[in-house]
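Here's the letter readout for the chains.
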Amino acid sequence: MKLNPVTLKKLKRFKSIKRGYYSFVIFTTLVVLSLLAELLVNSRALIVSYQGQLHFPTYGDVIPGTHFGLDYEYETNYRQLKAKFAEEGKGNWVLLPPVPWNPYEQDFKQDTYPPFAPSLAERHFLGTDTSGRDVLARLVYGFRIAIGFAFIALAASYAIGVTIGCLMGFLGGRFDLILQRFIEIWSQVPFLYVIMILVSLAKPNFGLFVGINVLFGWMGITWYMRTLTYKERARDYVMAARAQGATTGRIIFNHILPNTLMMIVTLAPFAVVGNISILTALDYLGFGLAPPTPSWGELLSQGINNLDAIWIVSSVVAAVSLVLIMVSFIGEAIREAFDPRKFTRYQ
């Protein structure tokens, strides 16, 4: 794909803003790693070599312990299996992920109670929470859920908001007036009360929170797109398209939208920050995803209530702060690099 000179200038400008560019590289790497979390943080083995045969339990079916000569029929405990193979010395081996714990697994010890401090020997690199679950595992999977929520809600909200905003700005008149009044009324509905009511009526789940966030999240971008479309519809290229018989949809999505796309690109990173903050805050307040779903907000609540286990609160605060700061840096760099006033002007 060949990029035009103006786009190349914008990309070069973005790369020159080191803080935003390196934040983008690190953040993208974290997102990719979170999608491959089962290969890095998981209680299932990556590879098991048993009696000359290779098994790949990570993305496969549950393998009972009896398959590997153990005395139980439920899923194999691969940490114990690795120790057993090492004792037998028969050439069988187990390759575990770097963090051999899943976010739901509880690790209890005799004569003591969790939370347990970080331990390299037990591979609890950030310790455990109050239920004995690995903090690092819950941070990684909680990050994947938070990012998935932020991106899905962003895409749905912007699809609705951009479409309605463009139609309001282009059509104007009674259509614009009615939708303005509707948005003004709908924006006054208290978001937290709606969450509390719906959580009390239905079991909280990922889809429910995405839907609620979209219901209230589309209005912000709508005003920006309405204003920009209202300005663009008076340009000569729009009048030329009309003269050639282009339909309303073609004019909006093929002509006006590409010239207002910079607003979407600029605001999107900050919308991601807002979505992550919303989910974390709801989980912290107890109105979020149902336990035992990995959640940054739930970990934060545990950390605040157990300040003697400093590794819990320090880990989640550091993770949340780093992610939000990186996304903010990316947003600032995009806004600076892709500002159309730096590269173009209307004649």
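Residues numbered from 1 in each chain as written. Predicted model: local features only at pLDDT ≥ 70, side-chain atom pairs only at ≥ 80, totals over all residues. Heavy atoms only, no water.

Visitor: Any chance you could explain the packing of aromatic side chains here in plain terms?
Guide: Here the distance between the centres and the angle between the planes together describe a pair of aromatic rings. Per the counting criterion, the structure on display carries 12 aromatic pairs. Aromatic side chains Tyr50 and Phe68 sit 5.5 Å apart centroid to centroid with 80° between the ring planes, which places their arrangement in the edge-to-face category. With Tyr50 in strand E1 (residues 47–50) and Phe68 in the loop between strand E2 (53–55) and helix H3 (78–88), the pair connects residues that are 18 residues apart, well separated along the chain. An angle of 5° between the planes, with centres 6.4 Å apart, marks the rings of Phe182 and Trp186 as stacked. Of the two residues, Phe182 and Trp186 both sit in helix H5 (residues 173–186), four residues apart, roughly one turn of that helix. We classify Phe182 as partly exposed; its relative accessible area is 43%. Looking at Trp186, the relative accessible area reads 27%, which means it is partly exposed. (Phe/Tyr/Trp six-rings, centres within 6.5 Å; stacked < 30°, edge-to-face > 60°. Helix = DSSP H or I, 4+ residues; strand = E, 2+ residues; numbered from the N terminus. Buried < 20%, exposed > 50% of the residue type's maximum accessible area, 1.4 Å probe, protein only.)

Visitor: Help me understand the environment of Ala290, please; the structure alone is not making it clear to me.
Guide: You can see Ala290 is positioned in the loop between helix H10 (248–285) and helix H11 (296–305). Exposure remark for Ala290: the relative accessible area of 15% places this residue in the buried category. Between the alpha carbons of Ala290 and Gly245 there is a distance of 53 Å; along the sequence they are 45 residues apart. If near-sequence neighbours (up to four positions away) are discounted, Ala290 is found in contact with Lys203 and Pro204. (Contact = heavy atoms within 4.5 Å.)

Visitor: Can you walk me through the layout of surface pockets in this structure?
Guide: Estimated volume of the second largest pocket: approximately 390 Å³. Lining the second largest pocket we find 17 residues, and of these Leu30, Leu136, Leu139, Val140 and Phe143 sit closest to its centre. For the lining of the second largest pocket, the secondary-structure elements that each account for two or more residues are helix H2 (18–35), helix H4 (135–171) and helix H12 (310–337). The leading source of residues in the lining of the second largest pocket is H12, at six residues. The residue inventory of the lining of the second largest pocket, partitioned by class, reads 15 nonpolar, two polar and no charged. (1 Å grid on protein atoms, 1.4 Å probe; cavity = no way out; pocket = protein on both sides within 12 Å on 5 of 7 lines; lining within 4 Å. Points joined across faces, edges and corners; volume = space filled by probe spheres on them. Nonpolar A, V, L, I, M, F, W, Y, C, P; charged D, E, K, R; others polar.)

Visitor: Could you clarify how one ought to interpret the environment of Met225 in this entry?
Guide: Looking at where Met225 falls in the secondary structure, it is placed in helix H8 (residues 219–232). Met225 sits in the buried class, given a relative accessible area of 0%. On a C-alpha basis, the gap between Met225 and Leu167 in space is 9.0 Å, while along the polypeptide they are 58 residues apart.

Visitor: Is there a simple way to think about the nonpolar core in this case?
Guide: Considering soluble globular proteins, one finds that nonpolar side chains tend to be buried as a cluster. Ranked by size, the top nonpolar core spans 63 residues in total, and within it Phe27, Tyr158, Val162, Ile276 and Trp296 carry the most contacts. The residues touching Phe27, leaving out its near neighbours within four places in the chain, are Phe143, Ile147, Phe151, Val323, Met326, Val327 and Ile330. Of all hydrophobic cores here, the second largest spans 12 residues; its members include Tyr50, Leu81, Phe85 and Leu96. (Core = buried A, V, L, I, M, F, W, Y, C linked by side-chain atoms within 4.5 Å.)

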